[in-house]
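# Coordinate analysis (summary)
Each chain, written out:
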Amino acid sequence: MALLIGVPKETSAGEKRVATVPDVVEKLVKLGFSVAVESGAGDAANFADDTYRAAGAEVVATATELWAKSDIVFKVRAPSPEEVALMREGGTLISFIWPAQNPELMRQMAARKATVLAIDSLPRQLSRAQKMDALTSMAGISGYRAVIEAANAFGRFFNGQITAAGKIPPAKVFVAGAGVAGLAAIGTAANLGAIVRANDTRAEVADQVVSLGGEFVKVDYEEEGSGGGGYAKVMSEGFQQAQREMYAKQAKDADIIITTALIPGKPAPKLITAEMVRSMKPGSVIVDMAGEQGGNCELTVPGEAVVRHGVTIIGYTDLVSRLAKQSSTLYSTNLLRVTEELCKTKDGVINVNMDDDAIRGLTVIKEGSISWPPPPPKLPAAAPQAKPAAAQTAAKGHGHGGGEPMSAKSLATVFGLGALAFLLVGLYAPASFLSHFTVFVLACFVGYMVIWNVTPSLHTPLMSVTNAISSIIAIGALIQIAPPLTGAQADRPALLILGMAVLALALTAINMFGGFAVTRRMLAMFRK
């Protein structure tokens, strides 16, 4: 029998998101489920009850009725104790839960013999789990919204301008933490024209920062900062001291600081001190995206925007809800992907398969039994070890694109064979063929030597420009077009040759200009 998915209205203060949108309702129905939505659940995200009805959902008047009849409940925020009391015994809940921070909530749901899938517990290191990763979806939105809030509080343009009234310098933005939210903030601020700098304890994100238009600011202290699941780890005291010195320097120069640093299960690290805030220029802005966990700035007031020492400090905890329609759409798509994994038979019945690493990681309570924390997921086997250095060197010498040159003996052998081939051609081939053959061999040799010394990543633009240069055949077409056709010359064969020459010239022009255009675009990708 097909199960009923219920979507209640969120009860947390300021929460405007809804767990399912009408477009996703249609897809859930195709999976075999029935869907019920509490009246008004989507109003704050601009999804009216009628749009849910049109998509095939039932609209239920009260939360009590919805919880009582739902086999599976989709929610955004973790349920309140009152909502847990409404839950059907033995029912299923898919939502943000944060089990480490909510042990009492976990006990209450286990008492209801519920099965609970915490979307925040998804093992993000599994590549197949990316489509279900609501944390990433929401972090991208919050990073974008942080820049919008900063722009709203900032006193001038982000991009530099030269106007009749004077020159406006570009804003300087510093982003502390280059995770998903930080990278979204970097890209948004750079697109608005700001000078963007960023820092992260994980050195491997430096290339991502640069690719989005930012500059990576390195801490003058060597220590690996990568933690599990794509998060940063807690750094040593020596690193933290060097980091604070770097932040103090950036605070004096920056117009806007956006902080995103969070470590799962721990209070937000204090990165921006009161002294740093005092050193900032009047009118500067700090957006503290870690406000819900206490904030990265000492002066942050969670949920509020305050002014301290002339600096506006924004500690909003509802950045995602400020883009409710977009965030609801992405979140509901993540839940749809989870549901597809639970219902591979498309018959409206779910199977919480604890042998599936992704589902096992999500499941924090199974039929009333607390199953959190999960065991480490089974990662793919490690790749074979690299060849020894000597073997790699030998292999490199036989490759192309920067390989080692041939030995003197090999080079002599190649030239000897080439000379023998020339001798045989000279003895038996016509004299006219020999001149053409010589040009051909020299062209091959020169081309090979050119390509040998070019980095492999540049082979494509090299081929495109070579293709363009090969359009020297345009000269032959021009020669055929140039002579005037009069009298006996204006016969059909001559006109046919003329037509073919014109066609060859047109195609050659496309080849020539197209080759140079492709080369120019390809080379632009290698320029910083």
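For the structure, check the block above.
Keep in mind the model is a prediction, meaning the values are calculated, not measured.

### Quick word on the overall build of the protein chain
Along its length, the protein chain carries 18 helices and 17 strands. Taken over 528 residues, the protein chain has a buried fraction of 40%. Across the protein chain, every contact between residues at least 6 apart in sequence was considered, and the portion connecting residues at least 24 apart equals 63%. Roughly 27,900 Å² of accessible area belongs to the protein chain as shown, and the carbon and sulfur atoms make up 61% of that amount.

### A short note on the sheet that holds strand β3 (residues 58-60)
The mixed open sheet is built from eight strands, whose spatial order is β3-β2-β1-β4-β5-β6-β16-β17. If you trace the sheet from one side to the other, it starts and ends with β3 and β17 (369-370), each paired once. Its contacts with the sheet place helix α11 (residues 324-342) against β4 (72-74), β5 (92-95) and β6 (115-118), and it is angled at close to 140 degrees to β5.

### Side note on the side chain of Asp 120
Mapped onto the fold, Asp 120 is located in the loop between β6 and α6 (134-153). For the buried Asp 120, which has no salt bridge, the nearest side chain bearing the opposite charge is Arg 124, at an N-O separation of 10 Å. Looking at Asp 120, its side chain comes within polar contact range of the main-chain nitrogen of Trp 98, at 3.1 Å.

### A closer look at the pairing of strand β10 (residues 195-199)
Where burial is concerned, most of β10 is hidden: four out of the five residues are buried. Pairing geometry for strand β9 (residues 172-176) and β10, over five bridges, is parallel. Counted as the bridge partner of Val 173 is Val 196 from β10. Each parallel crossover has a hand, and the one from β9 via helix α7 (residues 180-191) to β10 is right-handed. Relative to strand β11 (residues 215-216), β10 runs parallel, the two sharing two bridges. When the bridges of β11 are listed, Arg 197 appears paired with Glu 215.

### Comments concerning the pairing of strand β14 (residues 305-308)
As paired strands, β14 and strand β15 (residues 311-314) are joined by four bridges and run antiparallel to one another. Along β15, the bridge assignment pairs Ala 305 with Ile 314.

### What to know about the packing of α6 against α11
α11 packs onto α6 with a crossing angle of 165 degrees between their chain directions and a minimal axis gap of 9 Å. When the axes of α6 and α11 are compared, the pair comes out roughly antiparallel. In this structure, α6 crosses over α11, and the sense of that crossing is right-handed. Across from Ala 134, Ser 137, Met 138 and Ile 141 in α6, the residues of α11 making contact are Gln 326, Ser 327, Leu 330, Tyr 331 and Asn 334. In terms of residue class, the contact of α6 with α11 is made up of five nonpolar, four polar and no charged.

### Digging into the sheet that holds β14
Spatial strand order, β11-β10-β9-β12-β13-β15-β14: seven strands in an open sheet with mixed pairing. Only two strands of the sheet have a single neighbouring strand rather than two, namely β11 and β14. In terms of strand pairing, β9 meets strand β12 (residues 256-259) through four bridges, oriented parallel. Each bridged residue has a counterpart across the sheet, and for Val 173 the counterpart in β12 is Ile 256. Contacting β12, β13 (285-288) and β15, α6 crosses the sheet at an angle of about 155 degrees to β13.

### Section: the pattern of salt bridges
One pass over the full model with this rule turns up 26 salt bridges. Across the salt bridge formed by Lys 281 and Asp 255, the nearest N and O atoms sit 3.6 Å from each other. Pair noted here: Lys 281 is in the loop between α10 (274-279) and β13 and Asp 255 is in the loop between α9 (237-253) and β12, with a separation of 26 residues, a long-range link. Under the relative-accessibility criterion, Lys 281 is labelled partly exposed at 33%. Classification of Asp 255 by relative accessible area gives buried; the value is 6%. Close ionic contact of Arg 337 with Glu 340 constitutes a salt bridge, the shortest N to O distance being 3.0 Å. A residue pair is termed a helical-turn pair when its members lie 3 or 4 positions apart in one helix, as Arg 337 and Glu 340 do in helix α11 at three residues. Connected through salt bridges with shared partners, the residues Arg 128, Lys 131, Glu 341, Lys 344 and Asp 356 form a single ionic network.

### So, helix α1 (residues 22-30)
For α1, every residue scored as buried is listed here: Pro 22, Val 24, Val 25 and Leu 28. When α1 is viewed along its axis, its buried side chains cluster within an angular range of 150 degrees and face the same direction. Residues of α1 that are exposed and point more than 90 degrees away from the buried face comprise Asp 23 and Lys 30. Elements that come into contact with the buried residues of α1 comprise β1 (4-7), β2 (34-38), α2 (49-55), β4 and α11.

### As for the nonpolar core
Phe 74 and Tyr 331 are the most contacted members of the largest nonpolar core, which totals 48 residues. Secondary-structure elements contributing two or more residues to this core are β1, α1, β2, α2, β4, α6, α11 and α12 (357-362). The leading source of residues in this core is α11, at six residues. Aside from chain neighbours lying at most four places away, what touches Phe 74 is Ile 5, Gly 6, Val 7, Pro 8, Ala 19, Thr 20, Leu 28, Ile 94, Leu 335 and Thr 339.

Calculation rules
Residues numbered from 1 in each chain as written. Predicted model: local features only at pLDDT ≥ 70, side-chain atom pairs only at ≥ 80, totals over all residues. Heavy atoms only, no water. Helix = DSSP H or I, 4+ residues; strand = E, 2+ residues; numbered from the N terminus. Buried < 20%, exposed > 50% of the residue type's maximum accessible area, 1.4 Å probe, protein only. Contact = heavy atoms within 4.5 Å. Areas by Shrake-Rupley, 256 points an atom, 1.4 Å probe, with all protein chains shown as cover. Pairing = 2+ DSSP bridges. Axes fitted to C-alpha atoms, helices over the stretch in contact; angles between N-to-C directions. Lys, Arg positive; Asp, Glu negative; His and termini not counted. Salt bridge = Lys/Arg side-chain N within 4 Å of Asp/Glu carboxyl O. Polar contact = N/O pair within 3.5 Å; in protein donor to acceptor, adjacent residues only side chain to side chain. Right-handed = clockwise from strand over helix to strand, strands pointing away. Parallel < 35°, antiparallel > 145°, perpendicular 65-115°, else oblique. Left-handed = near helix turned anticlockwise from the far one by under 90°. Nonpolar A, V, L, I, M, F, W, Y, C, P; charged D, E, K, R; others polar. Arc of directions from axis to C-beta. Core = buried A, V, L, I, M, F, W, Y, C linked by side-chain atoms within 4.5 Å.

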